[in-house]
Amino acid sequence: MYYTLPNHDEKTLMKLVVHTETDQVLGAHMVGDHAAEIIQGVAIAVKMGATKAQFDATVGIHPSSAEEFVTMR
Amino acid sequence: MSYDYDLFVIGAGSGGIAAARRAAEYGAKVGVAESGRLGGTCVNRGCVPKKLMVYASHFPAHFSAAQGYGWSEVQSQLNWETMIRAVNGEVTRLNGIYQQMLEKSEVDICANHASFVDAHTLQVGEAQLTAEKILIAVGGVPVKPQSIPGIEHAITSDDIFNLQEQPQHFVVLGGGYIGVEFACILRGLGSEVTVITRADKILRGFDQDLRSEIQEAMQKKGIRFLNNTQDIALEKRDSGLWITVKNGIAETVTETVMADAVSLAATGRSPNLVNLGLDQTRVAVKEGAIAVDAFSQTAEPNIYAVGDCTDRINLTPVAINEGRAFADTHFGNKSRQMSYENIPTAIFTSPEAATVGLTEAEACDQYGDQKLRSIAVDFDRCTTPCPITTRKP
Ligand SMILES: Cc1cc2nc3c(=O)[nH]c(=O)nc-3n(C[C@H](O)[C@H](O)[C@H](O)COP(=O)(O)OP(=O)(O)OC[C@H]3O[C@@H](n4cnc5c(N)ncnc54)[C@H](O)[C@@H]3O)c2cc1C
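Rules of the game
Residues numbered from 1 in each chain as written. Chains lettered and ligands numbered in written order. Predicted model: local features only at pLDDT ≥ 70, side-chain atom pairs only at ≥ 80, totals over all residues. Heavy atoms only, no water. 1 Å grid on protein atoms, 1.4 Å probe; cavity = no way out; pocket = protein on both sides within 12 Å on 5 of 7 lines; lining within 4 Å. Points joined across faces, edges and corners; volume = space filled by probe spheres on them. Nonpolar A, V, L, I, M, F, W, Y, C, P; charged D, E, K, R; others polar. Near = heavy atom within 4 Å. Polar contact = N/O pair within 3.5 Å; in protein donor to acceptor, adjacent residues only side chain to side chain. Areas by Shrake-Rupley, 256 points an atom, 1.4 Å probe, with all protein chains shown as cover. Helix = DSSP H or I, 4+ residues; strand = E, 2+ residues; numbered from the N terminus. Domains from an automatic or database assignment. Core = buried A, V, L, I, M, F, W, Y, C linked by side-chain atoms within 4.5 Å. Buried < 20%, exposed > 50% of the residue type's maximum accessible area, 1.4 Å probe, protein only. Contact = heavy atoms within 4.5 Å. Pairing = 2+ DSSP bridges. Axes fitted to C-alpha atoms, helices over the stretch in contact; angles between N-to-C directions.

Caption draft 1: Looking closely at empty space enclosed by the protein. Residues and elements named next belong to chain B. If you walk through the whole model with that rule in mind, you get one cavity of 30 Å³ or more. Roughly 50 Å³ of volume is contained in the largest cavity. Along the walls of the largest cavity sit Ala 294, Phe 295, Ser 296, Arg 312, Glu 322, Ala 325, Phe 326, Arg 336, Gln 337, Met 338 and Tyr 340, which together make up its complete lining. Looking at the lining of the largest cavity residue by residue, the class counts come to six nonpolar, two polar and three charged.

Listed below in structure tokens is the structure:
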């Protein structure tokens, strides 16, 4: 969002690797502003063995980039 | 037999300081030897000064973005020397803080190199000291591959924090996280940057999508990449440092890049075991690193090792956690092992990247691709993300 007004060509990538049977989130990867700050929190969930359904049941913080981690289809 | 110390730690870096303080807080009599500056690699020539330079490198992008929000054009020049002085000033301040923390925890600091005389005795400067348990936390040092002709002309990440002038043409050898971070720092500060890797892409070991995304983003910011290279050679000429590489795919193609006197060899690190006297003990060394079990115990029962010198996962928080697990186990009556699963880590490139858990490729190896689903959103400027990769089995 920050780059919209300046029209800077910056991309953000967020990626989850999920086990289809257990629904567990096995990995979370991000490229984009504040990735370190965002992944630290996600890491707690991954370490606890959280499922994709639990990610999805979490309400996002809007507007942010981080909220993508709980709204991915 | 009684010893001078319950615990003596060699190296006051991330792991050594964490273990020394924790053990002393449990009431152990602890000493630590440090031949350099307190805080080790992370504080003096790693994470901390690097991240400060990352911040410095972000300003031009903010200056230009500001106009999109109605600010007038920003005219600003970097004074390299001022930046380096500020960064080193912060490092010195942190050295002092570590000194105070160790003193407060009543850890004896010996500002000297330590080496083993036997399994319980150390030569520390002029003195000989004995300890019941000894923890090796000597960290690592950058290595330059001696197989590259002219490699002596390249600097390492250790030297970068003391450069008197900003390199105008900066060449990075190696696509590991340290190399690409410095490539982005120098590019952000205005230098021309080329990254030379042997692999087809930077950041081997990280998730493929993340690797591509970072490399493409760096390319867009004007960083040049020479991937798939072989037969690198450096030559010092009057005009600067010339770096020649062969294209590993079309072997007839040769490229030459010029750097002004400086080129960074970010080609790996290895444990710092020279003059440590390990041969006076039964400590085993495997592939250049101290061999330890899950409790960080070496083959000599009273000697332990943590951090980069064991070459497990070379990150500050890992060294700290290993050091604390060791202290908890032996001095705090809380036996525990460090957990190596799902260790998050960041790459402070521009754009920044971070990751936790398995890459898609690792997950495929472990579970088979039938059992996996990888969901990604890849968006640009727009507020509403435009998912471009949604892969399902
Ligand atoms: C450029 C760079 C950037 C980095 N960025 C990050 C990052 O962003 N995040 C991250 O988590 N990690 C980062 N790291 C890695 C991190 O710095 C190391 O993993 C960490 O410092 C390891 O801690 P350690 O305790 O094992 O060793 P060190 O911190 O290296 O400490 C070892 C200490 O032992 C001393 N010593 C060695 N031998 C002797 C001896 N015989 N007698 C007395 N003293 C001795 C050394 O002088 C040194 O002070 C980076 C490293 C580099 C080089």
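Caption draft 2: Geometry of the site of the ligand. Residue and element names in this part refer to chain B. Around the ligand sit 38 residues, and of these Gly 15, Glu 34, Thr 41, Lys 50 and Asp 308 come closest. A distance of 3.0 Å separates an oxygen atom of the ligand from a polar atom in the backbone of Thr 316. In the complex, 94% of the free accessible area of the ligand, which totals 1,000 Å², lies under the protein chains. Secondary-structure elements contributing two or more residues to the shell around the ligand are helix H1 (14–25), helix H2 (40–45), helix H3 (47–68), helix H6 (177–188) and helix H8 (316–331). At four residues, H2 tops the list of elements feeding residues into the shell around the ligand. Of the residues that constitute the shell around the ligand, the class distribution is 15 nonpolar, 17 polar and six charged. If you count residues domain by domain, the shell around the ligand takes at least three from each of domain 1 (5–142 + 269–331) and domain 2 (151–265).

Caption draft 3: Structural context of the nonpolar core. Counting 61 residues, the largest nonpolar core has Phe69(A), Phe170(B), Ile214(B) and Met218(B) as its most contacted members. Per element, the largest residue contribution to this core is seven residues, and it comes from helix H1 (residues 35–47) of chain A. Excluding residues within four positions of it along the chain, Ile214(B) makes contact with Val31(A), Ile202(B), Leu203(B), Ile347(B), Thr349(B) and Ala353(B).

Caption draft 4: Main features of the sheet that holds strand S11 (residues 229–237) of chain B. All names here are of chain B. Strand order in the open sheet made by the three strands is S11-S12-S13, with antiparallel pairing throughout. The sheet is open, and its two borders are formed by S11 and strand S13 (254–259), each paired with just one other strand. Direction aside, the axes of adjacent strands within the sheet are offset by 20° on average.

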